Amino acid sequence: MTKTAFARHRRSLKFERNLALIFGLLGLTLAIVIALHWFLVLKPTLRAEAESRASALAQAQAQSIERLLGSGLPAERLRNELQTTLDGMLLIKDQSTREPFIEGIALTIDYDLFDAPGGNLDLVQGRDDCAECFVAHIPLYHPQDRLLIGIATCYSNPAFLEQLLNDVRVNLLWVGVVFLCLISFAWWETDRLLRRLRESESNLRSVFEAAPFPMVLNEDGQLGLRQANRAAKAYLDLREDGSEHFSSELWLTLYAAGLPTDVSEPRETPIPAADGTPRWALVSAIPLQFSGVPSQLISLADVTELKTIQDELRSASLTDGLTNIYNRRYLYLRLTKEVDLVKRYHHPLSIFLFDLDHFKQVNDTFGHGVGDEVLIQVASALKGCLREVDVAGRYGGEEFLVILPHASAPEALEVAERIGAVIKSLQWSQPALRVTISGGVQQYKGEELDEFVELADRKLYQAKTDGRDRVVG
Ligand SMILES: Nc1nc2c(ncn2[C@@H]2O[C@H](COP(=O)(O)OP(=O)(O)OP(=O)(O)O)[C@@H](O)[C@H]2O)c(=O)[nH]1
């Protein structure tokens, strides 16, 4: 495992641990919230509710006692009736739990107010003490004159509250279990999703790494590269710079040359190899977010070979195959450009159009091969007579054109005569061979391009008719 892969693996483990911790804390928080809610809210609320219900029930039952106390029955009979009523109350049961609602009742009568001989109506039926029971003290009033004549103390059975609490507890437990299941499911799903993401990231990394062309990932505003595939490391001679970034002289050159800003417009950039060999790369950049940081995915395609072929084709399309000097197409393109410059800067521009004399005769006498040799040698001699700014080319069969920027007609005439003299003095493989030229020199005076050349051609024709081996200015 490489250093970077190991660091990545460690980061992934740490992330998984953090995720498990987050979900664990979530579960624990939920359990604590449920427990706190149970002890602080639900249980007291349910207890208060049960107490108030027990008290209301006892209150309702106490009315039958009040009725008896106001009935005016003799004391002994009243005592028996009260006992029977209290026993009846103890028999009322909760239908759901089959437990009696009231476990015990104690009657305490105020005999002074009741206006009866004291003692014998204070009754205790059922349990007179119940630690868990709800105790309700119900005041007893005389039904006619509404005087407080006693207190009925009811001990209500807590069993139905227990039942209620159990039901709620079970429900709460289920809710907790369902929540924990949901959290576990969320954890499992998140983990699965992350695994898939990691898988897809790893696949992308593999594709990135195995891509046969150089690809690098550059964070905006950073010189060092965040990622580079094998091809890029080799192509750009990249090295790790110690901070998990890659860099090299070649990358810095490419960066300094400017990266393309438009996805649809890749840019051809010269990137010499580490050993200085000239190379060209087609650079394209796709903007993207990498770990939340604005970045660019830069891919390079080496187009050196293509560029060489292109250059060769371009050069071939502008060069004459026999003489290896410019052809008529290039001469026209160049002359157009020179005329534009003259129109802008108003400097002189002249051309010299010349033609070999009696060239047909040369071919006929010495053969076409010798004719070709003459053309090649004339072209070569022509190049030797010119300044750097001058341009010479083969205009037609045995016709040549020389473009002389910044040369007035007299200056161009001087050059033309020198060319004529040089060609005339050339030595040939055939001792009997003599080569002379006739030509015309014309300075540009604002006419159309074709007319400009036509004027030079007319002078060439004049030179021919004047006897050849001369230049007309
Ligand atoms: N060897 C060779 N001959 C060529 C080439 N291109 C044109 N020619 C020949 O050049 C000759 C031109 O002949 P003409 O136009 O009659 O002109 P000329 O014989 O030079 O006579 P003037 O121009 O009047 O002095 C023709 O015989 C063409 O075949 C070429 O590439 N190689």
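What counts and how
- Residues numbered from 1 in each chain as written.
- Predicted model: local features only at pLDDT ≥ 70, side-chain atom pairs only at ≥ 80, totals over all residues.
- Heavy atoms only, no water.
- UniProt positions renumbered as here; feature names shortened; annotations may be inferred.
- Disulfide = S-S within 2.5 Å.
- Buried < 20%, exposed > 50% of the residue type's maximum accessible area, 1.4 Å probe, protein only.
- Pairing = 2+ DSSP bridges.
- Helix = DSSP H or I, 4+ residues; strand = E, 2+ residues; numbered from the N terminus.
- Polar contact = N/O pair within 3.5 Å; in protein donor to acceptor, adjacent residues only side chain to side chain.
- Contact = heavy atoms within 4.5 Å.
- Salt bridge = Lys/Arg side-chain N within 4 Å of Asp/Glu carboxyl O.

The name given to the protein in an unreviewed UniProt entry is diguanylate cyclase, with the source organism recorded as Thiobaca trueperi. For the record of the protein, the UniProt heading Cofactor (unreviewed entry) holds the text "Mg(2+)".

**A closer look at the state of the cysteines**
A complete count under the given rule lists one disulfide for this structure. Residue pairing for C130: its cysteine sulfur links by disulfide to C133, the two sulfurs lying 2.0 Å apart. Judged by the sign of its S-S torsion, about 75 degrees, the cystine formed by C130 and C133 is right-handed. With relative accessibility at 7%, the residue C130 sits in the buried group. A relative accessible area of 8% places C133 in the buried class.

**Quick look at the sheet that holds strand β6 (residues 227–228)**
Pairing in this open sheet of five strands is antiparallel, and the strands run β6-β5-β11-β10-β9 from one edge to the other. Two strands lie at the open edges of the sheet, namely β6 and β9 (267–270), each paired on one side alone.

**Section: the side chain of N327**
Inspection of the secondary structure puts N327 in the loop between α7 (304–318) and α8 (328–345). Side-chain polar atoms of N327 contact the backbone oxygen of S317, separated by 3.0 Å. If near-sequence neighbours (up to four positions away) are discounted, N327 is found in contact with S317, L318, T319, D320 and R394.

**Focus: the pattern of salt bridges**
Per the counting criterion, the structure on display carries 17 salt bridges. A salt bridge links D191 to R195, with the nearest nitrogen and oxygen atoms 2.8 Å apart. Highlighted residues: D191 and R195, both in helix α4 (residues 159–210), separated by four residues, approximately one helical turn. Put simply, D320 and R394 hold a salt bridge, and the shortest N to O gap is 3.2 Å. Here D320 is found in the loop between α7 and α8, whereas its partner R394 is found in strand β13 (residues 391–394), with 74 residues between them in sequence. Taken as a pair, D320 and R394 share a single burial class, namely buried. Through salt bridges with shared partners, a single network forms among D355, D357 and K464.

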